[in-house]
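If you want the building blocks of each chain, they are given just below.
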Amino acid sequence: AIALGASAGIESDMDRIARRAEDERLARKLETTDFAAWLEAWYAQPLFDGLRAAPAFEGLLARRLRARPADLAQALRVLSPGLQPPLRHRLADCPVPLLLMAGAEDAKYLASNQDLARLSPFIDAVAVPRAGHAPHLEQPDEFCRALRVFLSAAGNERP
């Protein structure tokens, strides 16, 4: 299995409730404000610094502008990490090779991935160099190289 910028869930009940409330706030804003302005503010977050500098960004933004805000709002409501049960405790027992990927400059996900990799010899954490939250767009060659390394080793026996 391969996960990019994924979370093992939010452990605290209160933090999950807060995240659902934040995602609902974002969804309502999507539905009630100018979509182009919303996207501009979304991608202005420091999390996306590397993506904004990537050659693929302009095309990505053009595609995003064709999206339907109501659909994105619904996705925020249905896919909120605040709805996801915490899975950290289950990952330690998972015998499936798992690659957790994050950009080397995405401190939050990088730290989480490294923490999760310590749970099991089946979990690998890879930092894609010179990339932030969207390493597959920011550094596609490095991203694909990491995938190839993992997939070529995935069939090997693990401890």
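Residues numbered from 1 in each chain as written. Predicted model: local features only at pLDDT ≥ 70, side-chain atom pairs only at ≥ 80, totals over all residues. Heavy atoms only, no water.

Brief notes about the sheet that holds strand 3 (residues 123-128)
Turning to step 1, where the next piece is worked out: The parallel open sheet is built from three strands, whose spatial order is 1-2-3. Looking at the sheet topology across the chains shown, the edges are occupied by strand 1 (2-4) and strand 3. Across the sheet, the axes of successive neighbouring strands diverge by a mean angle of 20 degrees, strand direction being ignored.
Turning to step 2, where the next piece is worked out: Here strand 1 pairs with strand 2 (residues 98-103) via three bridges, running parallel. Its bridge partner lying in strand 2, Ala3 is registered against Leu100. (Pairing = 2+ DSSP bridges. Helix = DSSP H or I, 4+ residues; strand = E, 2+ residues; numbered from the N terminus. Axes fitted to C-alpha atoms, helices over the stretch in contact; angles between N-to-C directions.)

Side note on unusual backbone geometry
Turning to step 1, where the next piece is worked out: Of note in the backbone geometry, Arg130 takes a positive phi value of approximately 55 degrees without being a glycine.
Turning to step 2, where the next piece is worked out: By the element assignment, Arg130 lies in the loop between strand 3 and helix 8 (135-138).

Brief notes about the pattern of salt bridges
Opposite charge on two side chains lets them pair, provided their charged atoms get close.
Turning to step 1, where the next piece is worked out: Following the criterion strictly, the structure yields 11 salt bridges and no others.
Turning to step 2, where the next piece is worked out: The residue Arg16 makes a salt bridge to Asp13 at a minimum N-O spacing of 2.2 Å. Note that Arg16 and Asp13 are positioned in helix 1 (residues 13-32) at a spacing of three residues, about one turn of the helix.
Turning to step 3, where the next piece is worked out: Measuring nitrogen to oxygen at the nearest pair gives 2.9 Å for the salt bridge that ties Glu31 to Arg77. (Salt bridge = Lys/Arg side-chain N within 4 Å of Asp/Glu carboxyl O.)

As for the nonpolar core
Turning to step 1, where the next piece is worked out: Counting 15 residues, the largest nonpolar core has Leu30, Trp38, Leu39, Tyr43, Leu51 and Phe57 as the members making the most contacts within it.
Turning to step 2, where the next piece is worked out: The set of elements that each furnish at least two residues to this core consists of helix 1, helix 2 (35-43), helix 4 (57-65) and helix 5 (69-79).
Turning to step 3, where the next piece is worked out: Top element by residues in this core is helix 2. It accounts for four residues.
Turning to step 4, where the next piece is worked out: Discounting chain neighbours no more than four positions away, the residues touching Tyr43 are Phe48, Leu51, Arg52, Phe57, Leu60, Leu61 and Arg64. (Core = buried A, V, L, I, M, F, W, Y, C linked by side-chain atoms within 4.5 Å. Buried < 20%, exposed > 50% of the residue type's maximum accessible area, 1.4 Å probe, protein only. Contact = heavy atoms within 4.5 Å.)

A closer look at the side chain of Ser80
Turning to step 1, where the next piece is worked out: By the element assignment, Ser80 lies in the loop between helix 5 and helix 6 (88-91).
Turning to step 2, where the next piece is worked out: A polar atom in the side chain of Ser80 sits 2.6 Å from the side chain of Asp23.
Turning to step 3, where the next piece is worked out: There is a polar contact of 3.0 Å between the side chain of Ser80 and the backbone nitrogen of Gly82.
Turning to step 4, where the next piece is worked out: What Ser80 contacts, discounting residues up to four positions off in sequence, is Arg19, Arg20, Asp23 and Ala75. (Polar contact = N/O pair within 3.5 Å; in protein donor to acceptor, adjacent residues only side chain to side chain.)

Points about the packing of helix 2 against helix 4
Helix packing for two helices is described by the angle between their axes and how far apart those axes are.
Turning to step 1, where the next piece is worked out: The contact between helix 2 and helix 4 brings their axes to 10 Å, and the two run at 140 degrees. It follows that helix 2 is oblique to helix 4 by the angle criterion. Handedness of the crossing formed by helix 2 with helix 4: right-handed. Contacts between helix 2 and helix 4 involve Phe35, Ala36, Leu39 and Tyr43 from the first element and Phe57, Leu60, Leu61, Arg64 and Leu65 from the second.
Turning to step 2, where the next piece is worked out: The class makeup of the residues in the contact of helix 2 with helix 4 is eight nonpolar, no polar and one charged. (Parallel < 35°, antiparallel > 145°, perpendicular 65-115°, else oblique. Left-handed = near helix turned anticlockwise from the far one by under 90°. Nonpolar A, V, L, I, M, F, W, Y, C, P; charged D, E, K, R; others polar.)

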